[in-house]
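Take a look at the letters that make up each chain.
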Amino acid sequence: MDTITQPYKNWSNALYRLTYDEWLEKYQPIKNNLSTYSFETYGDELEYVLQQDDKNVWTEMEGMEGISIVNGYHLVNRLCYYITVKPWTKDVEIPISIDKQCDCMSEGDAKIDCGECGGVGYMTFYIDTREELEMIYGPQDV
Ligand SMILES: [Zn+2]
């Protein structure tokens, strides 16, 4: 994580961010029939999501900069849904991972034999702790 030195652009426009663990504790997602928190984007699980109040629904989505969970039901770039016991009351983003451009991309194309990124041009960082969250997005008003 120490290669990230500046805050990233916020693609979801949320002003308020939590780590996944903080979100679990605060909003209390329920489990589906398979005892996982994530609900599918099709079939019976989607039907169940659509029956919920939007304020209890969250969408995990893949954006340009990585993967985040955001409040509310969204279609675009969705990966799965969550349903929480506690409703959201404002825009919240739970960043799961971000993709950082590799230094080898500064010369145009990724180097096929790059030792840092393996030739894909970016590296994925997973955000687990508040320290990592604030290193990337700056201090959060919690
Ligand atoms: Zn590289």
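Scroll up to find the structure this text is about.
All figures in this text were calculated on a predicted structure; none of them were measured in a lab. (Residues numbered from 1 in each chain as written. Predicted model: local features only at pLDDT ≥ 70, side-chain atom pairs only at ≥ 80, totals over all residues.)

Asker: Describe in detail the overall build of the protein, supporting the description with residues and values.
Answerer: When helices and strands are tallied, the protein shows three helices and six strands. Reading the helices (α) and strands (β) of the protein from amino to carboxyl end gives β-α-α-β-β-β-β-β-α. Sorting the 142 residues of the protein into buried and exposed places 23% on the buried side. Taking all contacts inside the protein whose residues are at least 6 apart in sequence as the whole, residues at least 24 apart take part in 60%. (Helix = DSSP H or I, 4+ residues; strand = E, 2+ residues; numbered from the N terminus. Buried ≥ 20, exposed ≤ 12 C-beta atoms within 10 Å, placed from the backbone. Contact = placed C-beta atoms within 7 Å.)

Asker: Describe the nonpolar core, with residues and values.
Answerer: Counting 15 residues, the largest nonpolar core has Trp 58, Ile 69, Tyr 81, Tyr 82 and Ile 83 as the members making the most contacts within it. Ile 69 has contacts with Trp 23, Trp 58, Thr 59, Glu 60, Tyr 82, Ile 94 and Ile 96, leaving out every residue within four places of it along the chain. (Core = buried A, V, L, I, M, F, W, Y, C linked by C-beta atoms within 7 Å.)

Asker: How would you sum up the environment of Tyr 81? Please name residues and give values.
Answerer: Assignment of secondary structure puts Tyr 81 in strand β4 (residues 78–83). On the neighbour-count criterion, Tyr 81 (26 C-beta atoms within 10 Å) is buried. Excluding its chain neighbours within four sequence positions, the residues that come into contact with Tyr 81 are Phe 39, Thr 41, Val 49, Val 57, Trp 58 and Thr 59.

Asker: Give me the environment of Pro 87: which residues, what numbers.
Answerer: Residue position: Pro 87 is located in the loop between β4 and β5 (92–101). Spatially, the C-alpha atoms of Pro 87 and Tyr 27 are 6.9 Å apart, while their sequence positions differ by 60 residues. When sequence neighbours within four positions are dropped, the list of residues in contact with Pro 87 reads Asp 53, Lys 55 and Asn 56.

Asker: For unusual backbone geometry, give the residues involved together with the corresponding values.
Answerer: Although it is not a glycine, Gln 28 sits at a positive phi angle of roughly 55°. Of the residues examined, Gln 28 has 13 C-beta atoms within 10 Å and is grouped as partly exposed. Phi is positive for Asn 77, close to 60°, though the residue is something other than glycine. Locating Asn 77 in the fold gives a position in the loop between β3 (66–71) and β4.

Asker: Lay out the pairing of strand β2 (residues 57–63) in plain terms, naming residues and giving numbers.
Answerer: The element β2 is largely enclosed, with a buried count of five among its seven residues. With five bridges joining them, β2 and β4 adopt antiparallel strand pairing. For Val 57, the partnering residue across the bridge sits in β4 and is Ile 83. Two strands pair when backbone bridges link them, and β2 and β3 are joined in this way by six bridges, in the antiparallel orientation. From the neighbouring strand, Glu 62 faces β3, where its bridge partner is Ile 67. From the end of β2 to the start of β3, which pair antiparallel, there are two residues. (Pairing = 2+ DSSP bridges.)

Fair warning: the whole summary comes from geometry, so function is off the table for now.
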